[in-house]
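# Survey of secondary and tertiary structure
Take a look at the letters that make up each chain.
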Amino acid sequence: MASVGIIGAGIAGLTAAYELHRRGLEVTVFEATDRIGGFIQSERIDGFLVELGPQTLQRTSGDFEELLRQVDLEDACIPARPVAANRFIVRGGQPIPLPRSPRELLRTPLLSPRARLRLLAEPFIPRAHRSTEESVAKFARRRLGPEVLDYLVEPFVAGIFAGDPEQLSVRYAFPKLFELEQQYGSLFWGLIRDRMKQRYHPAPRRSMFSFVEGLHMLPRALAERLPPHAIIRNAEVLAIRWDEKNPWTLAFRQGSHASTRFFDIIICAIPLHRLAQLRMHPPLERRPLGTVPHPPIALVALGFRREQVAHPLDGFGMLVPAAERDFQILGTLFSSSLFPDRAPEGHVLLTTFVGGMRHPEQALLPEDRLEALVLQDLRRLLGISGAPVFRHVWRWERSIPQYRLGYDAVHACVLDVEMSRSGLFLAGNYLEGISVIDALHSGLKAARAVIQHLREEAAGGLAKLLLGD
């Protein structure tokens, strides 16, 4: 039986471990902390259910649906409430509903009449050459105009990546938009053509959901289906070494105790900044990996009695554009409006994000100053009175990898690392997308690549035996 060492017990590593164990391989997962799940963490405190990382999931693929069935989570799924379809963006100090149709877009007070008129020119803007590297900001400014960039694109970039659209590569950060322009010459016509295609070839229905006790139920369910002691916690991997006798030697430390283990296969499912620092023997060129920023983000969860909040909270949440310079927060999710049982009866839960590439220093403020900063903005935007009855602050000192301009070099380096040694595979949110589902699929992809690798090795060994070599 082939042995596989997996570095990292985030969703990518756990998915790979589960899939390989299900296929009959021996797996050992090394996690540097005492928590599994990576960025997926949920905590129930004083009757409030707080998501410390991703807040929702999307049903987007058959593989994901099958995985939910295999780990018995189908009955634990809860769909988002209908109000989750409503989103707000702040303009002029007020949360304004995001348009949900072309007709609403042409009437929305989020955009001036001039900006709405500029949108009508989008189908006539020439496409850029495929080889052209553009930032998200340059792409949006060219196709949609500067005001759409400021009040629609920039806040969503901050909400998704905690990033700066002037620095992110549209080709890597938003590949769907890039391909729509390349295929159809226009986002407007591309979206129409895509919708027409779906009438004849329906895509998996996208629907937002969570689990009754939060998203952490997913990594926990995967871990529970591994053999006892398959996950080694508080195990910092120090180095991996490849040689022909024992294909992979993995050195790790638990507390003051250092150990080594031997494996046929290694899957690195750690964040990109840790992959850049991991000692490998023989050494591999990884300098581009260390250039990718992972900005800090602070999450501030505040609970209030319902009567303390004037806003109806009838939506997913609100995003605050950088153009609204009187405010410091990136945005706030109306967590108790999205799913039931996120707050005690008669209370609401608001989850606010601070920092990112816009204000990285603010994410590192002391907790009392963070709470004061958030309350100052929420009082003005949502009409909050009084002090919160619940508070919880969580920080990610290194959060989402930024797919910046020049990410081609990073992508090429990742491929070189994976192809440079037989039996080394990579998985994570720096490969093909930052969402939970993207990372999960990267874990599945790595597991399937391991199976294919072992089949090819077995076929080669059989051929040598038959040929007498």
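What comes next is a walk through the structure. Note that the structure is a prediction, hence the values are computed from the model and not measured. (Residues numbered from 1 in each chain as written. Predicted model: local features only at pLDDT ≥ 70, side-chain atom pairs only at ≥ 80, totals over all residues. Heavy atoms only, no water.)

### Quick look at the pairing of strand E4 (residues 48–51)
Of the two faces of E4, the one holding Phe-48 and Val-50 and the one holding Leu-49 and Glu-51 are both buried throughout. Between the end of strand E3 (residues 42–45) and the start of E4, which pair antiparallel, lie 2 residues, with Asp-46 showing a positive phi angle near 50°. (Buried < 20%, exposed > 50% of the residue type's maximum accessible area, 1.4 Å probe, protein only. Helix = DSSP H or I, 4+ residues; strand = E, 2+ residues; numbered from the N terminus. Pairing = 2+ DSSP bridges.)

### Considering helix H10 (residues 217–224)
In terms of residue burial, H10 counts as a mostly covered element, since 6 of its 8 residues are buried. Listed as buried for H10 are Met-217, Leu-218, Pro-219, Ala-221, Leu-222 and Ala-223.

### Considerations on the packing of aromatic side chains
Using the criterion set out here, one finds 13 aromatic pairs in the structure. Here Phe-161 and Phe-174 contribute two aromatic rings whose centre-to-centre distance is 5.8 Å and whose plane-to-plane angle is 65°, an arrangement assigned as edge-to-face. A residue pair is termed long-range when its members are at least 10 positions apart, and Phe-161 in helix H6 (residues 146–161) and Phe-174 in the loop between helix H7 (170–173) and helix H8 (175–184) qualify at 13 residues. Take Phe-161 and Phe-174: they sit in the same class, and that class is buried. Site record: aromatic cluster; members linked through ring pairs are Phe-161, Tyr-172, Phe-174, Tyr-403 and Tyr-407. It is Arg-87 that lies over the ring of Phe-316; its NZ or CZ is 4.0 Å from the centre. Over the ring of Tyr-151 we find Arg-91; its NZ or CZ atom is 4.0 Å from the centre of that ring. (Phe/Tyr/Trp six-rings, centres within 6.5 Å; stacked < 30°, edge-to-face > 60°. Lys NZ or Arg CZ within 6 Å of the ring centre and 35° of its normal.)

### Notes on the sheet that holds strand E1 (residues 3–7)
The strands that make up a sheet pair up through hydrogen bonds in the backbone, lying either parallel or antiparallel. The 5 strands are arranged E10-E2-E1-E14-E21 in an open sheet whose pairing can be described as parallel. Looking at the sheet topology across the chains shown, the edges are occupied by strand E10 (231–232) and strand E21 (424–426). Two strands pair when backbone bridges link them, and E1 and strand E14 (residues 265–268) are joined in this way by 4 bridges, in the parallel orientation. Across the sheet, Ile-7 pairs through a bridge with Cys-268, a residue of E14.

### Side note on the pattern of salt bridges
For the structure shown, the criterion picks out 22 salt bridges. Between Arg-143 and Glu-122 there is a salt bridge, with the nearest N and O atoms lying 2.7 Å from each other. Note that Arg-143 is positioned in helix H5 (residues 136–144) and Glu-122 in the loop between helix H4 (113–119) and H5, a separation of 21 residues in sequence. Classification of Glu-122 by relative accessible area gives buried; the value is 3%. The salt bridge partner of Lys-445 is Glu-432, with a shortest N-O separation of 2.8 Å. Here Lys-445 is found in helix H15 (residues 436–467), whereas its partner Glu-432 is found in the loop between E21 and H15, with 13 residues between them in sequence. (Salt bridge = Lys/Arg side-chain N within 4 Å of Asp/Glu carboxyl O.)

### Digging into the environment of Ile-329
The residue Ile-329 is located in the loop between strand E17 (317–319) and strand E18 (331–333) in this model. Between the C-alpha atoms of Ile-329 and Leu-378, which are 49 residues apart in sequence, the distance is 8.9 Å. With near-sequence residues (within four places) excluded, Ile-329 lies in contact with Met-318, Val-320, Thr-352, Phe-353, Val-354, Arg-358, Leu-373, Val-374, Asp-377, Leu-378 and Leu-381. (Contact = heavy atoms within 4.5 Å.)

### Topic: the sheet that holds strand E12 (residues 248–254)
An order of E13-E12-E11-E15 is seen for the 4 strands of this open sheet, with the pairing classed as mixed. Two strands in the sheet have a free side with no partner beyond their single neighbour: strand E13 (257–263) and strand E15 (279–281). Within this sheet the neighbouring strands show an average axis-to-axis angle of 20°, counted without direction. As defined by bridge partners, strand E11 (residues 236–242) adjoins E12 across 6 bridges and the pair is classed as antiparallel. Looking across to E12, one finds that Val-237 is bridged to Phe-252. (Axes fitted to C-alpha atoms, helices over the stretch in contact; angles between N-to-C directions.)

Distances and angles like these do not, on their own, reveal function.
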